[in-house]
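Notes for the structure review
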Amino acid sequence: MPRPPEPSPIPDSLHIGGAVHLPLSEISIDYIRSPGPGGQNVNKVSSAAQLRFDLMGSPSLPEPLKHRAAVLAGSRLTTEGVIVITANRLRSQPLNRDDAIDRLVAILREALVPPKPRRPTRPTLGSKQRRLEGKSQRGATKKLRSVKSWD
């Protein structure tokens, strides 16, 4: 049976990418009881980690990054602008803590890349002709369906 990975030591700040660093003092982690089935241990041990990060109030992140991260966070973002991530996939506190931090860093790293701007294109002549041919074929099919009486 493979052993679970060892928890990593926590540095004083997280490197998101480029020149963006997130101090751990802006993140709060609480430990809660993990939901779901289990033995006696699940009712006694608080092994799930709940990470809270005030995204909109963070002084260390630039504004465009905050807005893109808010969209990516989706339902994990509260109305106050706090990202809440609950990690309970693993069986120990340190591993769940690392999992929650990794998931926050993944959101922020994805938000670090600005979206590529869309450049509108014009339809080609061939695509216009194919569209018009399809319309005329559909019209001809409907015309054949009509019932004409020759009274």
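Rules used throughout
- Residues numbered from 1 in each chain as written.
- Predicted model: local features only at pLDDT ≥ 70, side-chain atom pairs only at ≥ 80, totals over all residues.
- Heavy atoms only, no water.
- Helix = DSSP H or I, 4+ residues; strand = E, 2+ residues; numbered from the N terminus.
- Rg over C-alpha atoms; globule rule 2.2 N^0.38 Å.
- Buried < 20%, exposed > 50% of the residue type's maximum accessible area, 1.4 Å probe, protein only.
- Contact = heavy atoms within 4.5 Å.
- Areas by Shrake-Rupley, 256 points an atom, 1.4 Å probe, with all protein chains shown as cover.
- Lys, Arg positive; Asp, Glu negative; His and termini not counted.
- Charge placed at Lys NZ, Arg CZ, Asp CG, Glu CD.
- Pairing = 2+ DSSP bridges.
- Axes fitted to C-alpha atoms, helices over the stretch in contact; angles between N-to-C directions.
- Patch = residues over 30% accessible without salt bridge, like charges linked within 9 Å, V, L, I, M, F, W, Y side chains within 5 Å.
- Salt bridge = Lys/Arg side-chain N within 4 Å of Asp/Glu carboxyl O.
- pLDDT = per-residue confidence, 0-100.
- Polar contact = N/O pair within 3.5 Å; in protein donor to acceptor, adjacent residues only side chain to side chain.

Scanning the protein chain from terminus to terminus reveals three helices and five strands. Along its sequence from the N terminus, the protein chain presents helices and strands in the succession β-β-β-β-α-β-α-α. For 151 residues, the compact-globule estimate of 2.2 N^0.38 gives 15 Å, and the C-alpha radius of gyration of the protein chain, at 27 Å, exceeds that figure by more than 25%. Expressed along its principal axes, the backbone C-alpha trace of the protein chain runs to roughly 90 × 45 × 35 Å. Within the protein chain, the fraction of its 151 residues that count as buried is 28%. A separation threshold of at least 6 residues defines the contact pool for the protein chain, and within that pool the share at least 24 residues apart is 57%. Accessible area for the protein chain stands at about 11,100 Å²; split by element, carbon and sulfur atoms hold 56% of it. Taken as two groups, the 25 positive and 13 negative side-chain charges of the protein chain have centres that lie 15 Å from each other.

Taken in spatial order, the three strands of this open sheet run S3-S4-S5, and their pairing is antiparallel. Two strands bound the open sheet, and with one partner strand each, they are strand S3 (27–32) and strand S5 (82–87). Adjacent strand axes in the sheet meet at a mean angle of 20 degrees when their direction is disregarded. Relative to strand S4 (residues 48–54), S3 runs antiparallel, the two sharing six bridges.

Side chains of Arg122, Lys128, Arg131 and Lys135 sit close together on the surface and give a patch of like positive charge. Looking at where Lys135 falls in the secondary structure, it is placed in helix H3 (residues 125–145). Lys135 gets classed as exposed once you look at its relative accessible area, which sits at 52%.

On to the pairing of S4, then. A large share of S4 lies buried, amounting to five of its seven residues. Note: S4 against S5, six bridges, orientation antiparallel. In the sheet register, Phe53 faces S5, and the bridge partner there is Ile83.

As a further point, take the confidence of the model for the protein chain. Of all residues in the protein chain, 90% have pLDDT values of 70 or greater, and the mean over the chain is 87. For the protein chain, the element scoring lowest by mean pLDDT is strand S1 (residues 13–17), at 85; H3 scores highest, at 95.

Turning next to the pattern of salt bridges. Using the criterion set out here, one finds four salt bridges in the structure. Residues Arg103 and Asp99 are paired through a salt bridge, measuring 3.3 Å at the closest nitrogen-oxygen approach. Taken as a pair, Arg103 and Asp99 lie in helix H2 (residues 93–112) at a separation of four residues, close to a single helical turn. What makes Arg103 partly exposed here is its relative accessible area of 23%. On the basis of relative accessible area, Asp99 is assigned to the buried category, the value being 14%. Each of Arg89, Asp99 and Arg103 takes part in one network of salt bridges that share partners.

It is worth spelling out the side chain of Gln50 at this point. Mapped onto the elements of the fold, Gln50 is located in strand S4. At 3.5 Å, the side chain of Gln50 forms a polar contact with the side chain of Thr86. With near-sequence residues (within four places) excluded, Gln50 lies in contact with Ser28, Ile29, Asp30, Ile32, Val84, Ile85 and Thr86.

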